[in-house]
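# Structural overview for review
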Amino acid sequence: MNNNIKGFAYGIATSATFGLIPLFTLPLMGKGMQFDSILFYRFLFATIALTGIMTYKKESFHIDKREIPVLILLGFFYTASAMFLFWGYNFMSAGIATTLHFTYPIFVTLIMLLFFREKTSWITMLAIVLAICGVARLSINEGELRLSAFGVFIVLLSAVGYALYITTVNKSRVHAMTGRKLTFYVFIVSTILFAIKASSNEGIQAIPDTMSVVNLILLAIVPTVISNITLIQAVHNIGGTLTAVLGAMEPVTAVFVGVLVFGEPFTFNLAVGILLIIIAVTMIILSKTIQKALRQARRTLFHYKKH
């Protein structure tokens with residue numbers, strides 16, 4: 001039970017910190033920085049931060065040679081997810097892109113079902129549906145649904161990339177690796193890939209000013225280092241599917257940032273969306289209790305019918 005509580009806490013921490021991405025990214029974009037450069041610095045600074053933390057904690061950087069291909073694969077999945085999501089912003093609003101990206105719990109559930117025969121309870125499935133409805137309410141404004149098929153395809157690829165990342169962490173030989181070490185090697189791969197991508201376009205931009213340095217460091221630490229370490233801890237404790245559904249708190253955090261920091265209006269749609277997501281997350285956390293109560297109710301009913 002203790003592991004479950006820890007897992008749920010880590011899962012909520014992951015999505016709450018990950019949802020802070022706009023807080024640090026929007027000011028950088030306002031200064032004219034391109035996505036490739038922002039993502040390069042994000043992962044570079046995150047790698048440097050993890051090097052410092054692991055050195056201070058006297059943690060080993062040693063990995064088995066057989067783990068290297070899995071870590072490179074994880075780096076590719078994580079990079080692909082970030083890249084396709086940011087690319088999707090060119091075709092649709094960030095809100096709609098967030099909603100489409102949040103279909104990743106469905107892909108996690110499908111991968112676990114098809115490849116690992118992991119059964120999913122009806123409560124989890126209902127929570128996924130409620131969470132996606134909630135995210136849609138948060139993200140999609142009236143009359144904003146003229147979507148390009150190519151844009152939708154790209155953002156769904158970001159969801160598949162993230163789902164593959166979660167399931168690979170859960171089911172591969174690196175499952176037992178510490179969260180910090182695994183994250184460190186994934187970020188090295190991501191830094192190299194974004195350096196190559198940025199170089200093939202306009203090159204890596206210089207950081208415009210001191211405030212941008214602060215935003216990049218915070219972007220590297222809060223929604224990158226912290227959210228990824230807690231993600232891996234959540235997957236270790238409660239598995240990939242439940243961790244994925246708890247990700248519904250990401251857009252809730254992003255909405256609060258928008259309202260409190262950037263002065264965006266708090267609408268009826270946002271209130272309904274947040275309520276649906278909180279119900280979905282509560283259902284996931286209490287799923288065992290709900291199933292137990294329903295079984296008890298069925299037994300009681302059956303007992304009364306017999307008598």
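Residues numbered from 1 in each chain as written. Predicted model: local features only at pLDDT ≥ 70, side-chain atom pairs only at ≥ 80, totals over all residues. Heavy atoms only, no water.

## Re the overall build of the protein chain
Counting its regular elements, the protein chain contains 13 helices and 0 strands. Starting at the N terminus and walking to the C terminus, you meet the elements of the protein chain as α-α-α-α-α-α-α-α-α-α-α-α-α. Here the C-alpha radius of gyration of the protein chain, 20 Å, is about what a compact globule of 307 residues would show, namely 19 Å. Within the protein chain, the proportion of its 307 residues that are buried is 49%. Counted over contacts in the protein chain with a minimum sequence separation of 6, partners at least 24 positions apart contribute 89%. A total accessible area of about 15,100 Å² is found for the protein chain, and carbon and sulfur atoms account for 69% of it. (Helix = DSSP H or I, 4+ residues; strand = E, 2+ residues; numbered from the N terminus. Rg over C-alpha atoms; globule rule 2.2 N^0.38 Å. Buried < 20%, exposed > 50% of the residue type's maximum accessible area, 1.4 Å probe, protein only. Contact = heavy atoms within 4.5 Å. Areas by Shrake-Rupley, 256 points an atom, 1.4 Å probe, with all protein chains shown as cover.)

## Some words on the side chain of Ser190
Inspection of the secondary structure puts Ser190 in helix α9 (residues 179–200). When its relative accessible area of 0% is taken as the criterion, Ser190 is described as buried. Ignoring sequence-local partners within four residues, the contact set of Ser190 consists of Phe43, Gly75, Tyr78 and Thr79.

## What to know about the packing of helix α4 (residues 68–88) against helix α8 (residues 149–171)
Two numbers describe how α4 lies on α8: the axes approach to 8 Å, and their chain directions differ by 150°. Taken together, the axis directions place α4 and α8 in an arrangement best described as roughly antiparallel. In terms of crossing hand, the pair formed by α4 and α8 is left-handed. Along its contact with α4, which presents Val70, Leu74, Phe77, Tyr78, Ser81, Phe84, Leu85, Trp87 and Gly88, the element α8 presents Phe150, Ile154, Val155, Leu157, Ser158, Gly161, Tyr162, Leu164, Tyr165, Thr168 and Val169. Looking at side-chain class alone, the contact of α4 with α8 contains 15 nonpolar, 5 polar and no charged residues. (Axes fitted to C-alpha atoms, helices over the stretch in contact; angles between N-to-C directions. Parallel < 35°, antiparallel > 145°, perpendicular 65-115°, else oblique. Left-handed = near helix turned anticlockwise from the far one by under 90°. Nonpolar A, V, L, I, M, F, W, Y, C, P; charged D, E, K, R; others polar.)

## Re a positive patch on the surface
A cluster of like positive charges, contributed by Lys292, Arg295, Arg298 and Arg299, occupies part of the molecular surface. Structurally, the position occupied by Arg295 is in helix α13 (residues 287–306). (Patch = residues over 30% accessible without salt bridge, like charges linked within 9 Å, V, L, I, M, F, W, Y side chains within 5 Å. Salt bridge = Lys/Arg side-chain N within 4 Å of Asp/Glu carboxyl O. Lys, Arg positive; Asp, Glu negative; His and termini not counted. Charge placed at Lys NZ, Arg CZ, Asp CG, Glu CD.)

## Details of the pattern of salt bridges
Under the criterion given, the structure shown has 4 salt bridges. Among the ionic pairs, Lys31 bridges to Asp209, the shortest N-O distance being 2.9 Å. Taken together, the positions of Lys31 in the loop between α2 (21–30) and α3 (35–56) and Asp209 in the loop between α9 and α10 (210–246) put the pair 178 residues apart, joining distant regions of the chain. One salt bridge in this structure joins Glu59 and Arg180, with 2.6 Å as the shortest N-O distance. In this pair, Glu59 is assigned in the loop between α3 and α4 and Arg180 in helix α9, connecting sequence segments 121 residues apart.

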